[in-house]
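One letter stands for each residue in the lines below.
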Amino acid sequence: MKHKQSRIYLKKFVSDFSLYRIRMIKLRSLFFLVIGMTSCSDFVEAEPPKNLLISETVFNDPATVESALANIYYNMREQGMISGRFGLTTLMGIYSDELDYYGFDVNSAELYNHNVVALNPIILGWWSNAYNLIYAANDIIVGVENSNSLNTVDKERFKGQALFVRAFMHSLLSNIYGDIPYITSTNYLENNSVERLPVSIVTGNIISDLTKSVTLLENTAIIGERLTPNLSASKALLARMYLYTENWELAEMISSDLINRHTLESDINGVFLKESPETLWQLKPGDSPRNTHEANELIIQVIPGQQFALSNVLLDAFEPGDLRLNNWTGSTTSTDGTITLHFADKFKATFAETESLEYSIIFRLSEQYLIRAEARVKLGNISGAQQDLNAIRNRAGLTNTTANLMNDLLKAIHQERRVELFAEQGHRWFDLKRTGNANDVLSPIKPNWKETHMLLPIPESELEINPNLLPQNLGY
């Protein structure tokens, strides 16, 4: 019996390892490219391309490198943590106190009920997708550096984007899983035995990559629909990282630069339109119908039939007269009139249109005002923090803040982040986590909440493939 169990386990291990090797080898072939594709934005509109070109060919032509990078953004949009379909927006929304879950998917229910196990396929999907994207970004970095055909301007642009992707994905992984490997190699055998690094080292690597990305993208013009990570996207993430690491001086400096470069959208109903001036980076819908996954997932059209709804505690957080409550949320009532549920209505288009009016926004300027406000409080600049906070409040139809003491103003800023950034890329969860408020907020409303839930488990199958990832996170 023991031999039979050993053979079954060995067969599973070899199978898992083989799949892992195949996955990494396929990634080394560097993406699917469309023949005749001339621009990144056109590629983002298309279905995933089917042709495979060898790396040497890819890095001879800037158009094919652009298509390879565009495929990264396609995969971000369609799967993994960034996707509006099953990413941080919805699933960390139900993990925190933003959203209630009414669906029937047992894996999503584990997140909502805080009984996640290491075998949960969502956890594995996020991990695998993120590291696939990181591996792809590394392949571009190596290929661009070794190319004898690309000019210096193109090399800097492509490498700057790839470094941003690597930093961005590691930042999300570290926030979700804690200590993680920081992958900078394209050697799949080496990557198969990596160890987890302390969060402090991972964060240092993220900031280092972003600093290089900013330098490389410094002279790159920001034009068009902002579909590729540009200088502003790199700086936006860098400012966020400085906020998270409490480097207040640099957080203020970087966010100030972005605020000086860009303009807030004055119309509350124009913030999430594709031409909004405050958008720093967005992903264009490319499948049919042409609309955002966020709208499809979050808007409740009929009851029953809904998956996600805004929680009452979030709805209660809005002040009277807040325009965001009326314009960024909606409601649906069941046909019998007994149930009314509210939903996030930032992205409003749920049906096919001739041309999409909304793209999935990943970074926008409002966050930078709130980053600078928090940094300014910590630096003792109370009036400056109030000005930044009021810029966001006034657009929402609210009066200036009355908070004028450090602790009161910090609470006001965190409150403003809650109602400004709700249902966007897991901001609420990350704020609860970084401010140390998760336990106080979630323990009264989540019966299964434990302090070890600050991190999700490392996927069990990854621990089997690579024992160097052990030990598992506490509580799992």
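Residues numbered from 1 in each chain as written. Predicted model: local features only at pLDDT ≥ 70, side-chain atom pairs only at ≥ 80, totals over all residues. Heavy atoms only, no water.

1. What to know about the packing of aromatic side chains
So the rule is basically this: Aromatic pairing here means that ring centres of Phe, Tyr or Trp (its six-membered ring) are within 6.5 Å. Orientation follows from the plane angle: under 30 degrees is stacked, over 60 is edge-to-face, and everything else is tilted. Strands are runs of DSSP state E lasting at least two residues, helices are runs of H or I lasting at least four, and both sets are numbered from the N terminus onward. For each residue, the accessible area found with a 1.4 Å probe, counting protein chains only, is set against the maximum for its type, and the residue is called buried under 20%, exposed over 50%, and partly exposed in between. Definition used: whenever NZ (Lys) or CZ (Arg) falls within 6 Å of the ring centre and also within 35 degrees of the ring normal, the charge is taken to sit over that ring.
For the structure on display, the rule yields 16 aromatic pairs. Each ring, one from tyrosine 101 and one from phenylalanine 308, has its centre 5.5 Å from the other, and the planes form 50°; the classification is tilted. Of this pair, tyrosine 101 sits in strand β3 (residues 99–101) while phenylalanine 308 sits in strand β5 (residues 308–310); the two residues are 207 residues apart in sequence, bridging distant segments of the chain. Taken as a pair, tyrosine 101 and phenylalanine 308 share a single burial class, namely buried. An angle of 80° between the planes, with centres 5.1 Å apart, marks the rings of phenylalanine 272 and tryptophan 328 as edge-to-face. Here phenylalanine 272 is found in the loop between α12 (248–261) and β4 (279–283), whereas its partner tryptophan 328 is found in the loop between α15 (323–327) and β6 (329–333), with 56 residues between them in sequence. Accessibility expressed as a relative area gives 1% for tryptophan 328, which makes it buried. Three or more aromatic residues joined by ring pairs make a cluster, and in this case those are Tyr73, Phe164, Phe168, Trp281 and Phe363. One residue, lysine 346, lies across the ring of phenylalanine 422, its end atom 4.1 Å from the ring centre.

2. Overview of the confidence of the model for the protein chain
Note the threshold: pLDDT measures how confident the predictor is about each residue, on a scale from 0 to 100. When checking whether two residues touch, look at their non-hydrogen atoms; a contact exists if any pair is within 4.5 Å.
A residue-level look at the protein chain finds 87% of positions with pLDDT of 70 or above and a mean pLDDT of 89. Note on residues 1–53: pLDDT is under 50 here. Beyond four places in sequence and across chains, it has 91 contacts.

3. Quick word on the environment of asparagine 107
Checked against the element boundaries, asparagine 107 lands in helix α6 (residues 106–113). In this structure, the C-alpha to C-alpha distance between asparagine 107 and proline 121, residues 14 residues apart in sequence, is 7.1 Å. Leaving out residues up to four positions away in the same chain, asparagine 107 has contacts with Asn120, Pro121 and Ile122.

4. A short note on the nonpolar core
To be explicit about the condition: Throughout this description, the term nonpolar core refers to a set of buried Ala, Val, Leu, Ile, Met, Phe, Trp, Tyr and Cys residues connected via side-chain atoms within 4.5 Å.
Ranked by internal contacts, the top residues of the largest apolar core, which has 127 residues, are Met76, Met169, Tyr177 and Trp281. If one sorts the elements of this core by residue count, helix α7 (residues 121–146) sits on top with 13 residues.

5. Some points on helix α17 (residues 382–395)
The condition that has to hold: Each residue after the first adds 1.5 Å to the expected span of a helix.
Its 14 residues give α17 an end-to-end C-alpha distance of 20 Å, which sits within 8% of 20 Å, the value for a rise of 1.5 Å per residue. Gly384, Ala385, Gln386, Asp388, Leu389, Asn390, Ile392, Arg393 and Arg395 are the residues of α17 that are buried. As for α17, its buried residues are in contact with α15, β8 (360–364), α16 (365–378) and α18 (406–420).

6. A word on the environment of valine 419
By the element assignment, valine 419 lies in helix α18. With relative accessibility at 1%, the residue valine 419 sits in the buried group. Taking the C-alpha atoms as reference points, valine 419 and alanine 317, separated by 102 residues in sequence, lie 7.2 Å from one another. Residue contacts for valine 419: discarding those within four places in its chain leaves Ala317, Phe318, Asp322, Arg324 and Trp328.

7. Re the pattern of salt bridges
Our working rule: Each salt bridge in this description consists of a side-chain nitrogen of Lys or Arg and a carboxyl oxygen of Asp or Glu lying within 4 Å of one another.
On inspection of all chains with the given rule, the structure shows 32 salt bridges. Residue lysine 274 pairs with glutamate 355 through a salt bridge whose shortest N-O separation is 2.6 Å. Placement of lysine 274 in the loop between α12 and β4 and of glutamate 355 in the loop between β7 (340–344) and β8 is noted, with a sequence separation of 81 residues between them. Among the residues examined, lysine 274 registers a relative accessible area of 12% and is labelled buried. Here glutamate 420 and arginine 324 are joined by a salt bridge, their closest N and O atoms 2.8 Å apart. Taken together, the positions of glutamate 420 in helix α18 and arginine 324 in helix α15 put the pair 96 residues apart, joining distant regions of the chain. Looking at arginine 324, the relative accessible area reads 0%, which means it is buried. Here the salt bridges share partners, and the residues they tie into one network are Glu278, Glu319, Asp322, Arg324, Lys346, Arg364, Arg393, Arg395, Glu416, Glu420 and Glu424.

8. Quick word on the packing of α16 against α18
How we decide: To obtain each axis, a line is fitted to C-alpha atoms, and for helices this fit is confined to the stretch in contact; angles are then taken between N-to-C directions over 0 to 180 degrees. Roughly parallel here means an angle under 35 degrees, roughly antiparallel means over 145, roughly perpendicular means 65 to 115, and every remaining angle is called oblique. A clockwise turn of the near helix away from the far one marks a right-handed crossing, whereas an anticlockwise turn of less than a right angle marks a left-handed crossing. Throughout this entry, Asp, Glu, Lys and Arg are counted as charged residues, while Ala, Val, Leu, Ile, Met, Phe, Trp, Tyr, Cys and Pro are counted as nonpolar. The remaining residues, Gly among them, count as polar.
At a closest axis distance of 10 Å, the pairing of α16 and α18 adopts a crossing angle of 165°. Here α16 is positioned roughly antiparallel relative to α18, judged by the angle of their axes. By crossing handedness, the relation of α16 to α18 is classed as left-handed. Together, Ser366, Glu367, Leu370, Ile371, Ala373, Glu374, Val377 and Lys378 of α16 and Met406, Leu409, Leu410, Ile413, His414, Glu416, Arg417 and Glu420 of α18 make up the contact between the two elements. Considering only residue class, the contact of α16 with α18 consists of eight nonpolar, two polar and six charged.

9. Some words on the pairing of β7
Taken residue by residue, a regular strand's side chains alternate between the two faces of the sheet. What counts, and what does not: In this description, strands pair whenever DSSP reports at least two bridges between them.
Where β6 and β7 come together, five bridges link them in antiparallel fashion. Paired with glycine 330 across the bridge in β7 is phenylalanine 343.

10. What about helix α10 (residues 199–217)?
Between its first and last C-alpha atoms α10 spans 26 Å; for 19 residues at 1.5 Å apiece the expected length is 27 Å, and the two agree. Of the residues making up α10, those classed as buried are Val202, Thr203, Ile206, Ile207, Asp209, Leu210, Ser213, Val214, Leu216 and Leu217. Buried positions along α10 lie against α8 (152–177) and α11 (231–244).

11. Some points on the packing of helix α4 (residues 62–78) against α7
In helix packing, the relevant descriptors are the interaxial angle and the interaxial distance, both defined with respect to the helix axes. Here α4 crosses α7 at 170°, and the two axes come no closer than 10 Å. With respect to their mutual orientation, α4 and α7 come out roughly antiparallel. As α4 runs across α7, the sense of the crossing is left-handed. On α7, the residues touching Val65, Ala68, Leu69, Ile72, Asn75 and Met76 of α4 are Asn129, Leu133, Ala136, Ala137, Ile140 and Val144.

12. Remarks on the pairing of β4
In terms of residue burial, β4 counts as a mostly covered element, since five of its five residues are buried. Direction of pairing for β4 relative to β8: antiparallel, over a ladder of four bridges. Counted as the bridge partner of glutamine 282 is isoleucine 361 from β8.

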